[in-house]
Every structure is written in structure tokens, then in C-alpha cells.
Amino acid sequence: MSVKKGKGPIFDPGLCRCCGAIKKCRILNVEYESFGQKEVYSDMIMDCFGLLLSHLDGKPSERLICATCVQRVRDAILFRQQVLKCEEAFLQVKMYDEETKGKYFYIILV
Ligand SMILES: [Zn+2]
């Protein structure tokens, strides 16, 4: 059974493809909006984990994701972004270190 809601289709109950639970679900590859941000869960799973789920062109009732898994995917994306941001900051500090080390050597040599 599908119930059309303002923010996109909701299946209740449906089988979540990410945890196997039967509960209220959203469709994996339909665009939803959360806090003004558009999200497509199958794309997020692909971007974050490089996982391509099968049969996303099948029946809507066979490509569902529950609210718990939606939250976990969102968290995973945020965690990934956080790691990337830290990596960037780390590399910048590292580069700065290298530069100043270089200068230091230069001063000693001169
Ligand atoms: Zn789930």
C-alpha cells in the first residue's frame, strides 16, 4: 500500500532493502526533501559506499528504505564529508610544515 505524502511516496508497511525490516519505508531512488535538501538514497549509498543496489527499476515495493536506514545513510554521508574535510586540513598543515621546514633549511644553509 502506498500513501502519497507531501514529501514523496511512503510505503507502510514495506520491506527495507538495507536492513530487512518490515516497516514504514521510502523509495530508494525517488527524490525526497529533508530540511530543504533534496536527497536520493540510492545515489547517496552509491556516493558514500560505492554500492549499486539491484533492481532499482523494479516495482516500487521492492526498492524501499526505512527511516532508520535513511538516518544511517545521512550520518554516513556526513561522516564521510567530515573525514574529507579533516584530511584536507591535515594536508594543508602538512604542506605548511614542509614549506616552513624548507625555509628553515634554507636559512641554515645561507
Ligand atoms: Zn532499514
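Above this note sits the structure.
This structure is a prediction, so every number in the text was calculated from the model and none was measured. (Residues numbered from 1 in each chain as written. Predicted model: local features only at pLDDT ≥ 70, side-chain atom pairs only at ≥ 80, totals over all residues. Heavy atoms only, no water.)

Further remarks concern the pattern of salt bridges. Going through the model one piece at a time under the given rule, you end up with three salt bridges. Taking the shortest distance from any N to any O, the salt bridge between R74 and E39 comes out at 2.6 Å. Linking R74 in helix α2 (residues 67-109) with E39 in strand β5 (residues 37-39), this pair joins segments that are 35 residues apart in sequence. For the pair R74 and E39, a shared accessibility class is recorded, and that class is buried. A salt bridge links E62 to K59; the shortest N-O distance between them is 3.9 Å. Under the relative-accessibility criterion, E62 is labelled partly exposed at 40%. Owing to a relative accessible area of 52%, K59 belongs among the exposed residues under this scheme. (Salt bridge = Lys/Arg side-chain N within 4 Å of Asp/Glu carboxyl O. Helix = DSSP H or I, 4+ residues; strand = E, 2+ residues; numbered from the N terminus. Buried < 20%, exposed > 50% of the residue type's maximum accessible area, 1.4 Å probe, protein only.)

A few words on the layout of surface pockets. Empty space within the largest pocket amounts to approximately 260 Å³. Top element by residues in the lining of the largest pocket is α2. It accounts for five residues. When its residues are assigned to classes, the lining of the largest pocket shows four nonpolar, four polar and three charged. (1 Å grid on protein atoms, 1.4 Å probe; cavity = no way out; pocket = protein on both sides within 12 Å on 5 of 7 lines; lining within 4 Å. Points joined across faces, edges and corners; volume = space filled by probe spheres on them. Nonpolar A, V, L, I, M, F, W, Y, C, P; charged D, E, K, R; others polar.)

None of this, on its own, says anything about what the molecule does.
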